[in-house]
Amino acid sequence: MNIHRCLISLALVSFVSIALCGIQNALAYEIANLQFPQNIIADEGQVYYIANANGDPGTRENKGFISKANVEGKITERYFIQGGKNSITLHSPKEMTIIGSTLYVADLDVVRGFDKSTGHPIVTIPFSRFHAESLTGLTADSHGNLYVSDADSNTIFRITPHQ
């Protein structure tokens, strides 16, 4: 597994225009009773994973959790992955992404990988050697690489999990 520090300089000017006049049957679902939700991600539009900090985001209390919801917005498993249970460490989950059968989660200074079907931990990728303490944005490219940003060090890291 390789981790690379990426120097990215972006000049981005964007203008977003959303026209709602053509939408006749737009639906909005409310998912309530969460604990400091930080992120939601869809898995092929069938399952939604919700990262819950469950306390002050950014603390190491090992009580963060991931919930699962269905397409109607109903919570199907409130504690699908739960810090402090079943040998799982999860402090303050933030951004998530999926590659194959692995759900990757940015959790303070590590990226954790879980089996998206069972919730069992698969991999932990630490960033302490880079002095990263606030991993936030997490995404994957079409080649299976992960990219995670650290807000404190103003750095983006590339992870190649397949090596």
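Scoring rules and cut-offs
- Residues numbered from 1 in each chain as written.
- Predicted model: local features only at pLDDT ≥ 70, side-chain atom pairs only at ≥ 80, totals over all residues.
- Heavy atoms only, no water.
- Helix = DSSP H or I, 4+ residues; strand = E, 2+ residues; numbered from the N terminus.
- Contact = heavy atoms within 4.5 Å.
- Areas by Shrake-Rupley, 256 points an atom, 1.4 Å probe, with all protein chains shown as cover.
- Pairing = 2+ DSSP bridges.
- Buried < 20%, exposed > 50% of the residue type's maximum accessible area, 1.4 Å probe, protein only.
- Axes fitted to C-alpha atoms, helices over the stretch in contact; angles between N-to-C directions.
- Polar contact = N/O pair within 3.5 Å; in protein donor to acceptor, adjacent residues only side chain to side chain.
- Salt bridge = Lys/Arg side-chain N within 4 Å of Asp/Glu carboxyl O.

Engineer: Before we go on, may I ask you to explain the overall build of the protein chain in this structure?
Structural biologist: Within the protein chain one finds zero helices and twelve strands. Relative to all contacts within the protein chain whose residues are 6 or more apart in sequence, the contacts with residues 24 or more apart total 43%. Roughly 9,600 Å² of accessible area belongs to the protein chain as shown, and the carbon and sulfur atoms make up 50% of that amount.

Engineer: Even after reading the chapter, I still don't get the pairing of strand 5 (residues 75-82), so can you show me in this structure?
Structural biologist: Moving residue by residue along a regular strand, the side chains alternate between the two faces of the sheet. Strand direction decides the pairing type here: strand 4 (residues 65-69) and strand 5, joined by four bridges, are antiparallel. Residue Phe-65 lies in a different strand from strand 5, and its bridge partner there is Gln-82. A loop of five residues connects strand 4 with strand 5, the two strands running antiparallel in sequence, and Gly-73 in this loop sits at a positive phi of about 85 degrees.

Engineer: What is the right way to look at the environment of Val-148 in this model?
Structural biologist: Mapped onto the elements, Val-148 comes out in strand 11 (residues 146-150). Assessed through its relative accessible area of 0%, Val-148 is described here as buried. Sequence spacing of Val-148 and Glu-95 is 53 residues, and the spatial spacing of their C-alpha atoms is 8.8 Å. What Val-148 contacts, discounting residues up to four positions off in sequence, is Ala-106, Val-111, Phe-127, Leu-135, Gly-137, Leu-138, Thr-155, Ile-156, Phe-157 and Ile-159.

Engineer: Can you help me understand the sheet that holds strand 5 in this one?
Structural biologist: Backbone-to-backbone hydrogen bonds join strands into a sheet, with any given pair of strands oriented parallel or antiparallel. Spatial ordering of the open sheet is given by 2-3-4-5, a layout of four strands whose pairing is antiparallel. Only two strands of the sheet have a single neighbouring strand rather than two, namely strand 2 (37-43) and strand 5. The mean inter-strand angle of the sheet, taken between neighbouring strand axes irrespective of direction, is 25 degrees.

Engineer: For this particular structure, what's the right way to read the side chain of Asp-109?
Structural biologist: Mapped onto the fold, Asp-109 is located in the loop between strand 7 (102-107) and strand 8 (110-115). Among the polar contacts made by the side chain of Asp-109, one reaches the side chain of Arg-60 at a distance of 3.0 Å. Setting aside anything within four residues of it in sequence, one finds Asp-109 in contact with Arg-60, Ile-125, Pro-126, Phe-127, Ser-128, Ala-132, Glu-133 and Leu-135.

Engineer: Where do I start with the pattern of salt bridges in this structure?
Structural biologist: Side chains bearing opposite charge may pair, as long as their charged atoms lie close to each other. Applying the stated criterion across every chain yields a total of five salt bridges. A salt bridge links Arg-60 to Asp-109, with the shortest nitrogen-to-oxygen separation between them at 3.0 Å. Linking Arg-60 in the loop between strand 3 (47-52) and strand 4 with Asp-109 in the loop between strand 7 and strand 8, this pair joins segments that are 49 residues apart in sequence. The class of Asp-109 is buried, set by a relative accessible area of 14%.

Engineer: How do you make sense of the sheet that holds strand 6 (residues 93-99) when you look at a structure like this?
Structural biologist: Overall, antiparallel pairing links the four strands, which are arranged 6-7-8-9 in an open sheet. Both edges of this open sheet fall to strand 6 and strand 9 (121-126), since each of them pairs with a single strand only. Within this sheet the neighbouring strands show an average axis-to-axis angle of 20 degrees, counted without direction. With five bridges connecting them, strand 6 and strand 7 associate as antiparallel partners. Paired with Ile-98 across the bridge in strand 7 is Leu-103.

Engineer: Any chance you could explain the environment of Arg-158 here in plain terms?
Structural biologist: Here Arg-158 lies in strand 12 (residues 155-160). Between the C-alpha atoms of Arg-158 and Leu-138, which are 20 residues apart in sequence, the distance is 9.9 Å.

Engineer: Please clarify how the pairing of strand 12 should be interpreted in this entry.
Structural biologist: As paired elements, strand 11 and strand 12 share five bridges and run antiparallel to each other. Note that in strand 12 the partner of Asp-150 across the bridge is Thr-155. Between strand 11 and strand 12, which follow one another and run antiparallel, lie four residues, and Asn-154 among them has a positive phi close to 55 degrees.

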